[in-house]
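# Observations on the three-dimensional arrangement
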Amino acid sequence: MRRRSTRLLAAAAAICLTASACSSTQHRGGSAATSSSAAASDNGPHKKGGTVTISNEQGQTWTCRFNPFNPAAYLESNGFVYEPLIFVDELNNSAETPMLATGYQWNADKTSIVFTIRDGVKWNDGQAFSADDVAFTFNLMKQVPATDLYALWTAAGLQSVTAAGNKVTLTFKQSAQPYFYFFADQVMIVPKHIFSAGDAAAHPDTWADANPVGTGPFMVNPCSPNNIQYTANPNYWQTGKPYIQKVEYPAYLDNGPANLDLASGKAQWGSQFIPGIQQFYLGKSADNHTWSPPVLNVSLYPNLDPSHKATSTLAVRQAITAAIDRSQVSSIGEGGQEPAANQSGVVLPTFQKYYDASAVSAAGYDKPDPAKAKQLLSSAGYSPSHPLNLTVITITGYTDWDASLAVMKQELAPIGINLSVSDLAQQTFDTKLFTGDYDLAYYGQLTGGPTPYYELREILDSANTAPVGQSANSNYERYKNPAVDALFDQYATADDATQVSLIKQVEAAMVKDVPIIPVTESVDWFQYNTSDIGGWPTQDNPYAQPAAFNFPDAGQVLLHLYSKSAQ
Amino acid sequence: MKHVLRRGGFFLLTLWAALTLNFFIPRFMPGDPVNALRDRTRGKVSEATLQQMLSSFGFKPNQNLGQQYLDYLGNMLSGHWGISIGQALGEPVTSIIGQALPWTLGLVGITTVLAFGLGTLIGVVAGWKRGGRLDAILPPLFVVTSALPYFWVALLLILMFSVWTGGLLPSDFNYDTSLVPGLSPGFIGSVLQHAVLPAATLLITSIGGWILTMRNNMITTLAEDYVRMGRAKGLPARKVMYGYAARNAFLPNLSGFAMSLGFVISGAILIEYVFNYPGLGYLLYSAVQNVDYPLMQTLFMLFTVAVLVAVLICDLATAWLDPRVRAKE
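Nothing here was measured: the structure is a model prediction, and the numbers come from that model.

Rules of the game
Residues numbered from 1 in each chain as written. Chains lettered and ligands numbered in written order. Predicted model: local features only at pLDDT ≥ 70, side-chain atom pairs only at ≥ 80, totals over all residues. Bend = angle between axes of the 7 residues up to and from the residue. Helix = DSSP H or I, 4+ residues; strand = E, 2+ residues; numbered from the N terminus. Buried ≥ 20, exposed ≤ 12 C-beta atoms within 10 Å, placed from the backbone. Axes fitted to C-alpha atoms, helices over the stretch in contact; angles between N-to-C directions. Parallel < 35°, antiparallel > 145°, perpendicular 65-115°, else oblique. Left-handed = near helix turned anticlockwise from the far one by under 90°. Contact = placed C-beta atoms within 7 Å. Nonpolar A, V, L, I, M, F, W, Y, C, P; charged D, E, K, R; others polar. Pairing = 2+ DSSP bridges. Right-handed = clockwise from strand over helix to strand, strands pointing away. Core = buried A, V, L, I, M, F, W, Y, C linked by C-beta atoms within 7 Å.

A word on helix 10 (residues 237-264) of chain B. Ala246 of chain B marks the point of greatest bend in helix 10 of chain B, at about 45°. All of the buried residues along helix 10 of chain B are Val240, Met241, Tyr244, Ala245, Ala246, Ala249, Asn253, Phe257, Leu261, Gly262 and Val264 of chain B.

Attention now goes to the packing of helix 5 (residues 93-128) of chain B against helix 6 (residues 133-147) of chain B. Residues and elements named next belong to chain B. Their axes nearest at 8 Å, the elements helix 5 and helix 6 cross at an angle of 140°. Viewed along their axes, helix 5 and helix 6 adopt a mutual orientation that is oblique. Between helix 5 and helix 6 the crossing geometry is left-handed. Residues Ile122, Val125 and Ala126 of helix 5 pack against Leu134, Asp135, Leu138 and Pro139 of helix 6. Here the residues of the contact of helix 5 with helix 6 sort into six nonpolar, no polar and one charged.

Taken together, the 51 residues of chain A in the interface contact 51 residues of chain B. Sorting the residues of the side of chain A that touches chain B by element identifies helix 1 (2-19), helix 8 (255-264) and helix 15 (426-435) of chain A as the ones contributing at least two each. Here the residues of the side of chain A that touches chain B sort into 20 nonpolar, 24 polar and seven charged.

What follows deals with the pairing of strand 15 (residues 417-424) of chain A. All names here are of chain A. Pairing of strand 14 (residues 388-395) with strand 15 involves eight bridges; the strand directions are parallel. Within strand 15, the position partnered with Thr391 by the bridge is Ser420. As a crossover connection, the stretch from strand 14 through helix 14 (residues 399-412) into strand 15 is right-handed.

Of all hydrophobic cores here, the largest spans 233 residues; its most connected members are Leu300, Ala319, Ile320, Val392, Ala441 and Leu561 of chain A together with Leu299 of chain B. Considering every element that reaches this core, the biggest residue donor is helix 5 of chain B, with 12 residues. Residues contacting Leu299 of chain B, with those up to four places away along its chain left out, are Leu280, Leu283, Leu284 and Ala287 of chain B.

The next thing to look at is the sheet that holds strand 15 of chain A. All names here are of chain A. Ordered in space as 15-14-16-13-17, the five strands form an open sheet in which the pairing is mixed. Strand pairing shows two members of the sheet lacking a second neighbour, strand 15 and strand 17 (517-523), which therefore form its edges. Neighbour-to-neighbour, the strand axes of the sheet open up by a mean angle of 25°, direction not taken into account. Relative to strand 17, strand 13 (residues 294-302) runs antiparallel, the two being bridged by six bridges. Within strand 17, the residue paired with Leu296 across the bridge is Ser522. Along the sheet, helix 10 (residues 314-323) makes contact with strand 13, strand 14, strand 15 and strand 17, crossing strand 17 at roughly 50°.

Trans is the common state for peptide bonds, and a negative phi is the common state for residues other than glycine. All names here are of chain A. A cis amide bond links Leu348 with the next residue in sequence, Pro349, at an omega value of 0°. Positionally, Pro349 belongs in the loop between helix 11 (326-333) and helix 12 (357-362). Look at the link from Phe551 to Pro552: it is a cis peptide, with omega at -5°. Residue placement: Pro552 occurs in the loop between strand 19 (533-534) and helix 19 (553-560). Even without a glycine there, the phi angle at Ser94 is positive, about 55°. Structurally, Ser94 can be placed in the loop between strand 2 (86-89) and strand 3 (95-98). Residue classification places Ser94 among the partly exposed residues on the basis of 15 C-beta atoms within 10 Å. Positioned with a positive phi, Arg478 is a non-glycine residue whose angle comes to about 70°. Tracing the sequence through the fold places Arg478 in the loop between helix 16 (452-460) and helix 17 (482-491).

Following this line, the structure appears as structure tokens:
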């Protein structure tokens, strides 16, 4: 990156010399923006042209590293420059879009999968893409374990990856169906001719990859610490796409400036929480819209370890879940921007088909019931006159969570729970949560998958927990139920209908044991401006997760966007 | 000479103590780099893999702490400052700092000099005409503004000059990102334009201190016999004011100034944060957030060295300027 900036300086100096007057201010990549060469007739419904600016606060200036194996850098390259085999749409019943593979075939017990690799795809340096590149990418993860981000060669039991003609075969030790999302959608295919030579071959995990060579719709051109500019890949394999010719991705250090640029219209694609969105953003222009689809739960995590007497008592947890008015928390605490969750742990409406409404209402958790909560709590020995004192830990700076907890505090007081909120710095919070050093924690898992299975397994599978004092993977409440573990194990080989019924059985355990108490649903923050740009994902057409930090979904969104002024 | 040697020895001792604290204090902080990275990757990647990833970038948590400390001291002194294991995972620390340093020096450095110069001048004039109109308005006004929290002033300025005016002055970044950096008038203009609001914030909140100390020094000095003598001899007012009073009143302020120059390098964290200004202060904030030991310890080391060097130079300069300091030996 340093090299690039000096080259730019040199270029500017050269212009000064030749033009003999140092007075020209250069704008970046001026030529790409004006191209509107491709006609709509045979290439697709939209003409090329236009620029979209992303406002996604990442709290850092860009390092101009694009290595898809570097988890601190891959958000800016995955989907933009690098592409997966198959795109899986988490928001639309796992609808699949073939990308670098045109299709795939499982064997009967799902221990082996054959991908058919697309012909006629070129890397953006002009070299041809082939099945060899795909096999190379997966085998690289075996040679250099640090690049195997999704533990395919270890946890998933991948045993061999071979290419023959335009077919690539992945063979696993056991059924790998739950890992399909990871190896087909999350692993980005890298070019063999780049990653098998020089520094990239020596250290594929730490290599900078400042000029990424991918098959994707965009190329980095250029990157500076303040801004990444992407220009359209002229030889992209989807003929006529992308319509948008330029993407600007400024480096925002904080939500404040990022949101100001959204409100002023300087940026069109927003991906963070905007407080008071109606007044601050939506009211500013009729072209400003928001649609933030729920994907995960934000829950109270009770500590189930017997050393924490109150929270490991079932009646106490039942009382809390019965007492909380989730729609109040949603509307007051989250300003209505995050919907209310439910005790089943299934995120609605995203995963509607997995939801067992009758199980929730049969247990009486479909609406708040303070009277029942009071009764449950008194059976555990607490009452308003002899209240239970509980401390809930949360993260400093998450002001919406603070507001939500204030609402819950009010709702729990009348039944006899005296909730006190302890705001902790992120790092301190993490340490306490991971090691189980808390009574109640307010937290949401950070990543899910295309079905509720992924989040629920993270939270409930006893393989993801650890004794108090040791760091747990994701089962922080320390829930251990062999019957639930078995359900997750069966899921791997089950067909679609059975998977739904297995999830419903997990929901039954959620309702019966109340291992965690889902309160609101966390969303993919998404705001968009339609004055010049069209083709955004919407509730009616949820073709990808809409936030710019979702990968490879961001690439899908960019393939749909078009500029109205260029038409 | 003995004075200089003693100062030099003290400098080395302080440097060693500061470096040692810089090494140990961050490691006593809660949290570790692996968890920080886990948060930033939204839990997609397992802890074991992240650990592996970080160790390929040179993070060795399991090594003997004594050994790590010795390596650290050697690396700090030899300039091998390592590779970031935080937000800019994999980027050499020198290049991260190299990008941020000029912006902080430019913004905070120039503003500090400006605040000092202006504040001193106002202080001299206000002190000279004690009770005058200027003295009645400016010192109290700036004492009030310097008591305001500067992030609040920053937000207020953004609201007034950027939001209400429809973007008259830019409220974020150090230059218009659509421009190619270079020595063109458009680029330089853009840099200056982007510096107006943050610089104004710093100026408004820091000038009060200089005015107040300078004014009070001035008043004390004006009561001295040699000033009265100068006046009695019928010297022009301007000469008494600058040559007799201000020159002597200025000395304590100068050492304060040397100190504050040392602090310039640490930037103004909140200002850089509010204005999205990619300088060292922001860098420090994000290094602490992400438990980025290599970046954190290098920044702390630079801050320490900058302050110590500034103090050392100030000591030496005072010894050179003021014979009484030397005479004490």
